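Residues per chain are reported as follows:
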Amino acid sequence: MSSITYLLSRLLQMIPTFFLVMIIIFLLVRLLPGDPAIAMAEAKATEAQIEILRERMGLNEPLWTQFFIFVRNVLTGDLGQSILLKAPVATVIIERLPVTAFLTIYAVLFSIIIAGPLAAIAALNKNKRADILIRGVFQIGLSTPVFYIGLLLLTFLAAFLRWFPVGGYGQTFWEHMYHLLLPALTVALYTSAIIMRNLRSSIIEVIDAEYVQFARAKGLSEGLILWRHVLRNALVSTVTLLGLSIGNLMSGTLVTETVFAVPGVGRLMLEAIFARDYPLIQGLTLTFAVLVSIVFLLTDMIQSWLDPRLRPS
Amino acid sequence: VERGGTLTFARYDDSTLIDPVYADRNPDIWMVSNLYDTLLRTEADGKTVVPGLASQYKLSDDGLTLSLTLRDNIHFSDGTDVEGKDIVFSLNRAKNPELGPWAGLLGSIDSVTADGKNITIKLKNPDPTIILMMATFNTAIVSKDAFDAATGATDQEKAQAISNADPVGSGPFVLKSHQRGSSMEFVANKHYWRQGEDGKALPYLDGIDFVVIPDDATRILKLQAGEVNAAEFIPFARVAELKADSNINMELFPSTRIIYSPINTREKTADGQDNILASKEARQALNYATNKDALIKLILHGAGKPVTSGLMASTTQLATGTEALYKYDLAKAKELAAKAGIKPGTEISLTTLAGSADDSIIFTALQQMWSQIGVKLSVEQVDGATRGDKNRSGDFDIHTYGWVNDVNDPAQVAGWLGYYPTRKAVGTGWNNPEFNSLYEASNKEINPEKRAEQYAKMQSLYAEEAPLLFMYETPFAVALDNKVKGYVQTPLGSNEFSSTWIDQ
Amino acid sequence: MTYAPYAQKRRFAVFKFFQRMQPGFIVGLTILSLSLILALFPSYIAPYDPNAFDFNAVQSPPSDLHWFGTDSLGRDTLSRVIWAYSVNMQMAFLATIFSLLIGVTIGALVGYYRGFSDVVFGRCVDAIITFPFLVLVIAVVAVLGPGLINMYIAITVVGWVYYARLMRAEIMAQMANDYASAGKVMGYSDSRIIFRHLLPNAITPVIVYWMTDMALAILLGSSLGYLGLGAQPPEAEWGVLIAEGRNFITTAWWLSLMPGIAIVITGFGFSLVGDGVADLLRPRG
Amino acid sequence: MLDVRNLSTSFGHDTEKLLAIDDVSFTVAPGEILGLVGESGSGKSITLRSILGLTKRYGQVEGKVLWKNQNMNIMKNKELRRIRGSEIAMIFQEPMSSLNPLLTVGLQIDENLKAHTKLSRSARKKRSIELLDLVGIPSAADRLDDYPHQFSGGMRQRVMIAIALASEPELLLADEPTTALDVTIQQQILDLILDLSKNMNMSVIMVTHDLGVAAQTCDRIAVMYGGKLVEVGPVREILRNPQHPYSIGLLRSVPEDVAPRSELYSLPGIPPSLADRPKGCCFAPRCPAAMTKCVTDRPELQQAGNSCSVACFNPQTITSGNIA
Amino acid sequence: MTENTSLLHVTNLSHQFKIDPSIFDVILRRPSRYVKVLNGIDLNLARGETLGVVGESGCGKSTLARCLVGLYPLQNGEILFNNQNVSHKTRAEQRDYNRRVQMMFQDPYSSLNPRMTVGQVLHEALSVHKMRSETEIPERINELLDLVSLPRDAADKLPHQFSGGQRQRIAIARALSVEPEILIADELVSALDVSVQAQVVNLLLDLQERLGLTILFVAHDLRLVRHVSHRVAVIYLGSIVEIGSSDSLFANPIHPYSRALLNAAPSIDPDKKNTTAPLTGELPSPLNIPSGCAFHGRCPHATEICKKSKPELKALDGHGEIACHHAKELALS
Ligand SMILES: Nc1ncnc2c1ncn2[C@@H]1O[C@H](COP(=O)(O)OP(=O)(O)OP(=O)(O)O)[C@@H](O)[C@H]1O
Ligand SMILES: Nc1ncnc2c1ncn2[C@@H]1O[C@H](COP(=O)(O)OP(=O)(O)OP(=O)(O)O)[C@@H](O)[C@H]1O
Ligand SMILES: [Mg+2]
Ligand SMILES: [Mg+2]
């Protein structure tokens, strides 16, 4: 099977999942207490005005009709009109998505850059001082809530020392890099701690594996052994973990974007939930689900590229 | 004054659609006057009416015809003249109930006609609020030509298109770009008619950059870090600190904002129990048992004052009260509580806004204060939408709420807080025939003295009946860096940048 | 190597157990025990009533009277942090225990029977893990309304999946061992095989995960508290305390710093214990 | 050619020291096939690994491994690398885990050739195909790009042999090269190794626990028990006239040439654990001929008879009949 | 052998595993693929005898064993136990059958629950099947431990405290606790060292003698199989190619595969070099079994007919039953 058919079959497999995802999204939002029409109207609106809204939003239809309309609309790319922002949900999300995507990728890169070398150092010095220090620091990182790390970084590095801007996003690529440095770091700390742990133990596990010893018996240089035989194998499980952590990472962006005033979809999600913006919540949850699925798919591809055993036969 | 420069302003929330008709949330409403001018204007106190796009106005003696004369040489931001047809178009649009939520405020208008520079507004019935309405955001003037040219099938789509693509306005600024939820740019309208102190056209600024930062602390940090020139909605807890900061000018603008808590006055609670709060004495007892000064100290850190008028902030027109309502008096509270049958351990629940630090303090404080009269206060924390829902359905005992006037006339707030047909007297279910008829009469009363009398009566009646827990009035707290001068937030909340300038 | 020295003396088993413990594990255990004591007996330990206002000591910095200072209502931060221990430790337990029970049961059944149940389960899991955890939890909290109980429900609604997945995989791995087949051949009932034979052997990684999950629950719970979706004021909860102190981070730094430190230390304790337990339970020989 | 002297390897720290091999000495002559037999855990694999210095990473190795009169045990890694894989090659015990699952078989052969020969890329490829052909992998050229998991256990074992033979080693350390294989394929592999040893004068240390395999392939046999060599000698001597009670027991428990369904000879007891090995002879607790001395003192490997060495205070002969 | 004497009678037992189709296979409606592991096995097990089963790895020995005890549902064919059809219809039937037909596994490390003491293991078996009343159980446990020559204090120990050989004894004790009639031993001793193997084999032989057990002994060590079995079946790719008494089969195998198998086993005598050429080629995959005689690709005697028709298992005078077209000629050579 070629990789294209593999990709296709993975996509096909995602269909039932996505159907479930849509049911979950739809139901979740319908089960929210409080009338969305009331939520949408300012407190000052009268009953008649609210009824008009209700009609306009299709809330008077039976549930299954609403679901049917929902699915049809989603499939045609119509995610409805945001109540909060008074604009098409799709447009709003497309406007905001690059920010979160930027932040996420930035954070992933950060995680890898931080975790990779440190994991290798820790593994090679197993139970020595460097290892204990690195693990200790990351352990603390694992025990600190994202919002708190963000808060501390923001207050001290940005506001107090003024090394970084206090939130925002900037206009150019380099401004993005500069503005999102602290947020990305905040999001990355937790993920990098998880990756560090995993990579370290994978390396330790692999470094004395039979095939590595066999490679040594062949008389290969240690560098080649580390690079070709150890790291590559250790990476397989780490890639899975990185893929699975993407959900974590995005959870992190939710909080981080709020703390750092980054105008991404994460912050929008919280705003939408507080504002009971049904269409926006639906659109955003769906977006998150799609993003995560894409990442899962990517992880799968990377993994099967790394590990031939996972390739379809 | 100095001209030039761009002001960076940190907001707590973004505008969605700044259009006189569709603006329904405060972040929209409070920006309208920067983009669109009204026929009449109020001075900074929000009460005194002065000419705007119209240089003169006159209400006929029978109160049924309002005539206005347009100023010479007034232009839209695209350079075209502001003409009678634009006025007719704008006012008809504003009173069209199909469109925005504010049409009801112009319900008395029968027709609008223009003859050259003379505008005639015919009323169905005398309306004491009509002149103030001409100075309110929803009657601001838009360009008919721009609207006609805009893409879109419906009026709303056209409004959207205008604000997105080719904004044309009559106000001191023009919307240049807008990144929903994150930032917005205004630039000066070169064709604006009003003149500054230096005799040249306003505004002084070249433009304004708005950044949206919902988080209070971050907003302040940005100001302190010098990344923005101004930050609005400063938490009162931080006011003293910022006041002490020599680089920062901490402004507390008087406002029509009041914080109060509707009390459910229905005979039965939502679950069918007898409602102890249905009795006036019980409500009064709670009011007396509440130490407002302490609340103000705790929450506003002194930057506010107790509610003095039953119905409105003291800055509102026709407000009468000068003394704090229900001054803390434990003895009286106990006496009333006993009278109302509040036994020790009576459970009352306070519905508060999730995540609101102020609400949680209010709750903690009330819990302690009211325990003195035997009330066991519990909390129910909900989000805004649920609170609104509960308010409408009467499923609450007491909940926190706040109000800011949108229009300069007190009719809006009185209708909201006390008049049953509008919204069941702010959801309290308080239905007082005397109040209702007074209110209805006042809405047709064009004699100012008589109307003031009616309002005084309504206020005392309302205060006596206490369908609310009267708490406090707060100013608008805006922190600006020292270079920013002349910025005003009106009592209605409107952000006025037309005379703002930066000391370079 | 399959060769295992079997004739090990068991005399010093307990002693060896402690000997095998890493120092980190001991530190973790100490932290958790202390946390537990604080959580169980806050009223004896906290110097002040956590909710009592004291207008004479508003935002007073740490001093002899108030070791961790006071907040803007004059409440003693130390007492509030201590009282928060009961809330947050309860959170660690209650937010995870139901996920654990539900997940383990479902995971074990699905892992044992596979077949169609596995297909259905697989799709459900896929669908749920496709959402970022926090997104789904927040959404559920929003459905149910904020508050601790609802938060527990929300976390359980989402969290059981992770336990179930783990359990399923472990059960399937255990099924590869002949003792499972032996149980069938011995004519034992399915429930006996699942719950008496497979489960005790498969549960170890789940317990290890549970430890880390409790740390996560504290982090998540305080995040929700911070966002106003978790514990409700005036209940002292670390996330809520940090949120309350958020505005004074530069002036009254102790308000957010002290609960922050409490979170970090407790989380640290849980992670260390989690690692230590994993280490202890790891098969040797 | 290879002279191992007093080689000991231990694992763990002072508190829990596990002596996996204890004071092992033997030699291998050019072209000779030495069989290393003994039961599981007796230290056969560790011996081989210690020769190549692979156990240094996780254990302490003492003693001398003289390869062409150079002590490999004190060599620097760089020098060791030149010997490993080129002069001395090793086949690992477990074909399933000894090939890197992520790399193609071709690459895993190639990296050996690259490290030890100066062949060009295409020449290396040609050589790889030759090697796979040699070990009997059908359509070898097509299989270079395959991954280990696409091969069966037996084929993987052969791939490993191909890798080991890549640079025509002078000494092959074969750790149970046929355990994973069926008897029919085992025969092919053993024939191959025998062939190479004869044709290329390659020495082999062949670890096995199957006495039949040892009998059919080896010139000399060394019997290991509990980390020590208990008996070394020519294959016929050891199999026909074993002297160490353990060797005797081992041979007698093989059900060959005994009445069907009769009781088999079995050594009582169980092998010692590394953690607490007896003070005297490791085998003493199970030994039918043990004496008091055996419990207290440790016997050394000593010349016994013409060509055998035995580590026993009370060597036996089967004919003497006092052990049954 | 006639039916009345056979305790277990298997006819035409086949078993195949379905390969999970990929989503593409489903969409393209590709036919499902099967690993055909057992292809029509016929065998009889007489009361009190030991039947050895040998064959290359992957030929289906374990699958056969597992089918016989019902670990795999019966797909095709018939199993008669005491002349009664074993259908495993209800759980109760299945339990009763299993009580009487027990199995022991290859891996002494994984076949015992690591968290149950030996006493618990035996107690469970005894109480679930109500073999003894609750009060008699401890006594019975001691008896069983004696039976397999384990010390009585073993009851309180966990499996990891025992050696491999001892664990296999525990497994045997567990199997015996329910007093079965048939024991199926799947590579019972192949994981053990030679010196320990002998202990367990001795025990098994002894028990068979004393308790009159019937044993199916699966192993790949030919010497052992020969030693313990009365009769031996040789399996190639899921079919029996030769079955007969142990003596005659080992002394004089007929089927070319049996011959190759026996020849390839290295003798412990260095001078008894085997002379026949080893088999060439690999074991074909059970995914697509060659037509005709499955062995024809590797068989030195194969002719056209071997490619076309599958030989039946036929009795040959002086030998057992052989599935080979050329059995007669080979018997003469
Ligand atoms: N890395 C290690 N750490 C601790 N002990 C080890 C290690 N490697 C091997 N051992 C122990 O050393 C002893 C000898 O092992 P070795 O692998 O040499 O046995 P073997 O004779 O090859 O057995 P087998 O026939 O099972 O392969 C065993 O008891 C084993 O448990
Ligand atoms: N569950 C299964 N699904 C698919 N194929 C299977 C399954 N179990 C066994 N097989 C295949 O069936 C064939 C026979 O397996 P079985 O375990 O019966 O062989 P065996 O003769 O016992 O081999 P060994 O001597 O290695 O134990 C093998 O090719 C194996 O890959
Ligand atoms: Mg070995
Ligand atoms: Mg098998």
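Residues numbered from 1 in each chain as written. Chains lettered and ligands numbered in written order. Predicted model: local features only at pLDDT ≥ 70, side-chain atom pairs only at ≥ 80, totals over all residues. Heavy atoms only, no water.

By the naming in an unreviewed UniProt entry, chain E is Peptide ABC transporter ATP-binding protein, taken from Kiloniella spongiae. Here is the UniProt Subcellular location (unreviewed entry) comment for chain E, exactly as written: "Cell inner membrane". (UniProt positions renumbered as here; feature names shortened; annotations may be inferred.)

An unreviewed UniProt entry lists chain A under the name ABC transporter permease, with Kiloniella spongiae given as the organism. Under the UniProt heading Subcellular location (unreviewed entry), the entry covering chain A gives this text: "Cell membrane".

Colleague: Before we move on, can you summarise the overall build of chain E with the specific residues and values?
Modeller: Regarding its fold elements, chain E presents 12 helices and 12 strands. Compactness check: chain E gives a C-alpha radius of gyration of 21 Å against a globular reference of 20 Å for 333 residues, within 12% of the reference. Based on the C-alpha atoms only, the size of chain E along its principal axes is roughly 70 × 60 × 40 Å. Across the 333 residues of chain E, 57% fall into the buried class. Taking the intrachain contacts of chain E between residues at least 6 apart in sequence as the baseline, contacts between residues at least 24 apart amount to 66%. (Helix = DSSP H or I, 4+ residues; strand = E, 2+ residues; numbered from the N terminus. Rg over C-alpha atoms; globule rule 2.2 N^0.38 Å. Buried < 20%, exposed > 50% of the residue type's maximum accessible area, 1.4 Å probe, protein only. Contact = heavy atoms within 4.5 Å.)

Colleague: Help me get a handle on the interface of chain B and chain A, residues and values and all.
Modeller: At the interface, 36 residues of chain B touch 38 residues of chain A. Between chain B and chain A the total buried area reaches about 3,000 Å² when both faces are included, carbon and sulfur atoms providing 50% of it. Where chain B meets chain A, there are one salt bridge. Residues B:Arg180 and A:Glu95 are paired through a salt bridge, measuring 2.7 Å at the closest nitrogen-oxygen approach. For the pair chain B and chain A, the interface holds five residue pairs in polar contact (both at pLDDT 80 or more). Of all the elements in the fold, those that place two or more residues in the side of chain B that touches chain A are α1 (26–35), α5 (155–164), α6 (216–224), α12 (384–393), β18 (401–403) and α13 (411–417) of chain B. Looking at the side of chain B that touches chain A, the element that brings in the most residues is α12(B), giving five residues. Considering only residue class, the side of chain B that touches chain A consists of 13 nonpolar, 11 polar and 12 charged. (Buried area = accessible area lost by both parts, 1.4 Å probe. Salt bridge = Lys/Arg side-chain N within 4 Å of Asp/Glu carboxyl O. Polar contact = N/O pair within 3.5 Å; in protein donor to acceptor, adjacent residues only side chain to side chain. Nonpolar A, V, L, I, M, F, W, Y, C, P; charged D, E, K, R; others polar.)

Colleague: Lay out the nonpolar core in plain terms, naming residues and giving numbers.
Modeller: Counting residues in hydrophobic clusters, the biggest one holds 250 residues, and the most contacted among them are C:Ile138, C:Leu224, C:Trp238, E:Ile172 and E:Phe217. Counting residues per element, this core draws most heavily on helix α9 (residues 190–227) of chain C, at 18 residues. Two domains each provide a minimum of three residues to this core, namely domain 1 (3–75) and domain 2 (90–310) of chain A. Counting residues in hydrophobic clusters, the runner-up holds 101 residues, among them D:Leu34, D:Ala162, D:Val213 and D:Phe283. (Core = buried A, V, L, I, M, F, W, Y, C linked by side-chain atoms within 4.5 Å. Domains from an automatic or database assignment.)

Colleague: I'd like a description of the interface of chain C and chain A, backed by residues and values.
Modeller: Counting residues at the interface gives 43 residues for chain C and 43 residues for chain A. Buried area between chain C and chain A, summed over both chains or domains, comes out near 3,700 Å², and the portion from carbon and sulfur atoms is 77%. A per-residue breakdown of the area chain C buries against chain A is headed by C:Thr130, C:Phe131 and C:Val143, which together make up 16% of the total. Linking chain C with chain A are one salt bridge. Seen at the junction of chain C and chain A, the total is seven residue pairs in polar contact (both at pLDDT 80 or more). When residues of the side of chain C that touches chain A are traced back to their parent elements, those giving at least two are α5 (115–129), α6 (133–144), α9, α10 (238–245) and α11 (254–281) of chain C. Per-element tally for the side of chain C that touches chain A: the top contributor is α11(C), with 11 residues. Here the side of chain C that touches chain A is built from residues that sort into 28 nonpolar, 10 polar and five charged.

Colleague: So, the UniProt feature "domain: ABC transmembrane type-1" (unreviewed entry) in chain A: which residues are in play, and what are the values?
Modeller: With numbering aligned to this structure, UniProt lists the feature "domain: ABC transmembrane type-1" (unreviewed entry) at residues 97–299 of chain A. Along residues 97–299 of chain A one finds 84% helix and 0% strand; the C-alpha atoms at either end are 21 Å apart.

Colleague: So what's going on with the arrangement of the chains? Residues and values would help.
Modeller: With no contact between them, chain B and chain D keep their nearest C-alpha atoms 47 Å apart. The two units chain B and chain E never meet; even their closest C-alpha atoms stay 43 Å apart.

Colleague: Could you give an account of the site of ligand 1, with specific residues and numbers?
Modeller: By nearness alone, 16 residues border ligand 1, and D:Ser40, D:Gly41, D:Ser45, D:Ile46 and D:Gln93 come closest of all. Looking at the residues close to ligand 1, they fall on chains C and D. Within the contact set of ligand 1, an oxygen atom lies 3.3 Å away from a backbone nitrogen or oxygen of D:Ser42. The fraction of the free accessible surface of ligand 1 (640 Å²) that becomes covered by protein chains is 82%. Element by element, the count of residues in the shell around ligand 1 is highest for helix α1 (residues 44–52) of chain D, at three residues. (Near = heavy atom within 4 Å. Areas by Shrake-Rupley, 256 points an atom, 1.4 Å probe, with all protein chains shown as cover.)

Colleague: Would you mind going over the sheet that holds strand β17 (residues 398–399) of chain B in detail, with residue names and values included?
Modeller: Residues and elements named next belong to chain B. Read from one edge to the other, the open sheet built from three strands follows the order β16-β15-β17, with strand pairing classed as parallel. Because the sheet does not close on itself, it has two edges, and the strands there are β16 (375–382) and β17. The pairing of strand β15 (residues 346–353) with β16 spans eight bridges and is parallel. Bridge pairing in β16 places Thr352 opposite Gln381. Its contacts with the sheet put α12 on β15, β16 and β17, and the angle it makes with β16 is roughly 125 degrees. (Pairing = 2+ DSSP bridges. Axes fitted to C-alpha atoms, helices over the stretch in contact; angles between N-to-C directions.)

Colleague: Give me the side chain of D:Ser253: which residues, what numbers.
Modeller: Structurally, D:Ser253 can be placed in the loop between α10 (245–252) and α11 (292–296). For D:Ser253, a relative accessible area of 2% translates into the label buried. Aside from chain neighbours lying at most four places away, what touches D:Ser253 is D:Leu264, D:Tyr265, E:Val194, E:Ser195 and E:Ala198.

Colleague: Explain the coordination of the magnesium ion (ligand 3) residue by residue, including any values.
Modeller: Residue and element names in this part refer to chain D. Donor atoms from the polypeptide that coordinate the magnesium ion (ligand 3) comprise Ser45 (OG) and Gln93 (OE1), at 1.8 to 2.2 Å from the metal. Linking Ser45 in helix α1 with Gln93 in the loop between β6 (88–91) and α3 (105–116), this pair joins segments that are 48 residues apart in sequence. Ser45 sits in the buried class, given a relative accessible area of 12%. In this structure Gln93 comes out as partly exposed when scored by relative accessible area, which is 24%. (Donors = N, O, S within 2.8 Å, 3.2 Å for Na, K, Ca; no water.)

Colleague: Explain the packing of helix α12 (residues 265–275) of chain A against α6(C) to me, and be specific about the residues and the numbers.
Modeller: At a minimum axis separation of 10 Å, α12(A) and α6(C) run at an interaxial angle of 10 degrees. Taken together, the axes of α12(A) and α6(C) lie roughly parallel to each other. The residues of α6(C) that touch α12(A), namely those facing A:Met269, A:Leu270 and A:Ile273, are C:Val135, C:Ile138, C:Ala139 and C:Ala142. Looking at the contact of α12(A) with α6(C) residue by residue, the class counts come to seven nonpolar, no polar and no charged. (Parallel < 35°, antiparallel > 145°, perpendicular 65-115°, else oblique.)

Colleague: An account of the site of ligand 2 is needed here, citing residue identities and associated values.
Modeller: Residues and elements named next belong to chain E. Taken together, Phe17, Val37, Glu56, Ser57, Gly58, Cys59, Gly60, Lys61, Ser62, Thr63, Glu187 and Pro286 form the complete shell of residues around ligand 2. At 3.3 Å, a backbone N or O of Cys59 approaches an oxygen atom of ligand 2. Backbone polar atom of Gly60 to an oxygen atom of ligand 2: 2.9 Å apart, as the coordinates give it. No other element matches the three residues that helix α2 (residues 61–68) contributes to the shell around ligand 2.

Colleague: Explain the pairing of strand β10 (residues 239–245) of chain E to me, using residue names and the numbers behind them.
Modeller: All names here are of chain E. β10 sits mainly inside the fold: six of its seven residues count as buried. In this structure, strand β9 (residues 231–236) lies alongside β10, joined through six bridges in antiparallel fashion. When the sheet's bridge partners are listed, Tyr236 is paired in β10 with Ser239. Once β9 ends, the chain turns through two residues before running back antiparallel as β10, passing Leu237 with a positive phi of about 45 degrees. In the sheet, β10 pairs with strand β12 (residues 321–322) via two bridges, with the strands oriented antiparallel. Looking at the pairing, Glu242 lines up with Ile322 of β12.

Colleague: Run through the pairing of strand β19 (residues 468–473) of chain B, naming residues and quoting values.
Modeller: Residues in a regular strand point their side chains to alternate faces of the sheet. Residues and elements named next belong to chain B. Judged by how many residues are buried, β19 sits mostly within the fold: six of six residues are covered. Here strand β13 (residues 258–262) pairs with β19 via five bridges, running antiparallel. Among the inter-strand pairings, Pro262 is bridged to a residue of β19, identified as Leu468. Of the strand pairs in this sheet, strand β14 (residues 305–306) and β19 are connected by two bridges, and their pairing is antiparallel. Note that in β19 the partner of Lys305 across the bridge is Glu473.

Colleague: Could you give me a rundown of the UniProt feature "transmembrane region" (unreviewed entry) in chain A, with the residues and numbers involved?
Modeller: Residues and elements named next belong to chain A. Those residues carrying the UniProt feature "transmembrane region" (unreviewed entry) are residues 12–32, 101–124, 145–164, 176–195, 234–260 and 280–299 in this numbering. Each end of residues 101–124 is marked by a C-alpha atom, and these two atoms are 34 Å apart; helix forms 100% of the span and strand 0%. Structurally, residues 145–164 comprises 75% helix and 0% strand, and the distance from its first C-alpha atom to its last is 21 Å.

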